[in-house]
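Coordinate inspection notes
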Amino acid sequence: SYQYFTDAFSAMLDPAAGPVSAGEQLLISYGPRSNDKLLLYYGFVEPLNDNDEYVLSQEEFLVALATVAPFESSQLGQLRGAGLTDGEAEVSGSRRGAGSRAAQLARLLLIPSASLCDDGKQSAASSGEERLVRSALAAVAMLEQKRLSEAGGAGSPGGGTAFEALAHSFRAEKVALLESCASALESR
């Protein structure tokens, strides 16, 4: 493990693996961490990281959802009934699709309340309604991907400072993650 305050690594070796010779390469695991955490704590970005997430505040998510799939403002009352009023709560997506809170919010806002059960966590909706929800979530992912791509400019893969190259890699991984998220949602 990395010891932040001493800027050193410590290792616990598996006794069953046998002795390690001086100069022999050791491999470590940083654990299941998103690229946000890997960059923040260790200074690198892992390409195609299966543990990576794209995170928005609930408020940002609702604005994006309203942009791609307008809903009646009266539907926002559904959120209060489900206990989902924290605008700063995290809403996420990954390479596997949208997180549970994103799906719950989209169901509550896009599907008539008569077809929902369990505050939008589970749906008794028709396959067409669920397809609408997945399509809207995919559109949110693509909207965020476009926003990130247009916000580029800090660095390029082959030029600039090391910091700019790292910022470019981080952004490129998030753009690719959002594309995978949208594809996963559309393919279900």
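None of the values given here were measured: they were computed from a predicted structure.

**A short note on the overall build of the protein**
The secondary structure content of the protein amounts to six helices and seven strands. The secondary structure elements of the protein, listed N-terminal to C-terminal, are β-β-α-β-α-α-β-β-α-β-β-α-α. For the protein, buried positions account for 33% of its 188 residues. Sequence separation of at least 24 residues holds for 61% of the intrachain contacts in the protein that already meet a minimum separation of 6. Carbon and sulfur atoms make up 53% of the accessible area of the protein, which totals about 11,400 Å².

**Things to note about a negative patch on the surface**
A surface patch of negative charge is lined by Glu59, Glu60, Asp86 and Glu88. On the basis of relative accessibility, which here comes to 43%, the residue aspartate 86 falls in the partly exposed class.

**Topic: the side chain of glutamine 75**
Mapping glutamine 75 onto the fold places it in the loop between helix H2 (58-68) and helix H3 (77-81). A polar atom in the side chain of glutamine 75 sits 3.0 Å from the backbone oxygen of leucine 108. Residues contacting glutamine 75, with those up to four places away along its chain left out, are Leu108, Leu109 and Ile111.

**Overview of the pairing of strand E4 (residues 90-94)**
Put simply, side chains in a regular strand alternate between the two faces of the sheet. With four bridges connecting them, strand E3 (residues 54-57) and E4 associate as antiparallel partners. Residue pairing for E4: valine 55 is matched across the bridge by serine 92. Here E4 runs beside strand E5 (residues 97-98); their pairing, made up of two bridges, is antiparallel. Across the sheet, the residue bridging to serine 94 is glycine 97, located in E5. Linking E4 back to E5 in an antiparallel pair, the connection comprises two residues.

**Points about the packing of helix H1 (residues 35-42) against helix H6 (residues 162-187)**
At a closest axis distance of 11 Å, the pairing of H1 and H6 adopts a crossing angle of 165°. Put simply, H1 runs roughly antiparallel to H6. The two elements H1 and H6 meet at a crossing, and its hand is right-handed. Contacts between H1 and H6 involve Asn35, Asp36 and Leu39 on the former and, on the latter, Leu166, Phe170, Glu173 and Lys174. Class assignment for the residues of the contact of H1 with H6 results in three nonpolar, one polar and three charged.

**Brief notes about the sheet that holds E3**
Across the sheet, three strands lie side by side as E3-E4-E5; this open sheet has antiparallel pairing. Pairing within the sheet leaves two strands with one partner each, and these edge strands are E3 and E5.

**Notes on the pattern of salt bridges**
With the rule as written, the count across this model stands at six salt bridges. A salt bridge links glutamate 130 to arginine 107, with the shortest nitrogen-to-oxygen separation between them at 2.9 Å. With glutamate 130 in helix H5 (residues 127-150) and arginine 107 in helix H4 (residues 100-110), the pair connects residues that are 23 residues apart, well separated along the chain. Overall, the relative accessible area of 15% leaves glutamate 130 in the buried class. On the basis of relative accessibility, which here comes to 14%, the residue arginine 107 falls in the buried class. Of the charged contacts in the structure, one is a salt bridge between arginine 147 and glutamate 144, with a shortest N-O distance of 2.9 Å. Here arginine 147 pairs with glutamate 144, and both are found in helix H5, just three residues apart, close to one helical turn.

**Things to note about the packing of aromatic side chains**
Any aromatic ring pair is given by two values, namely how distant the centres are and how the planes are angled relative to each other. Counted according to the given criterion, the structure contains three aromatic pairs. Members of the aromatic cluster, joined through ring pairs, are Tyr30, Tyr42 and Phe44.

Cut-offs and rules
Residues numbered from 1 in each chain as written. Predicted model: local features only at pLDDT ≥ 70, side-chain atom pairs only at ≥ 80, totals over all residues. Heavy atoms only, no water. Helix = DSSP H or I, 4+ residues; strand = E, 2+ residues; numbered from the N terminus. Buried < 20%, exposed > 50% of the residue type's maximum accessible area, 1.4 Å probe, protein only. Contact = heavy atoms within 4.5 Å. Areas by Shrake-Rupley, 256 points an atom, 1.4 Å probe, with all protein chains shown as cover. Patch = residues over 30% accessible without salt bridge, like charges linked within 9 Å, V, L, I, M, F, W, Y side chains within 5 Å. Salt bridge = Lys/Arg side-chain N within 4 Å of Asp/Glu carboxyl O. Lys, Arg positive; Asp, Glu negative; His and termini not counted. Charge placed at Lys NZ, Arg CZ, Asp CG, Glu CD. Polar contact = N/O pair within 3.5 Å; in protein donor to acceptor, adjacent residues only side chain to side chain. Pairing = 2+ DSSP bridges. Axes fitted to C-alpha atoms, helices over the stretch in contact; angles between N-to-C directions. Parallel < 35°, antiparallel > 145°, perpendicular 65-115°, else oblique. Left-handed = near helix turned anticlockwise from the far one by under 90°. Nonpolar A, V, L, I, M, F, W, Y, C, P; charged D, E, K, R; others polar. Phe/Tyr/Trp six-rings, centres within 6.5 Å; stacked < 30°, edge-to-face > 60°.

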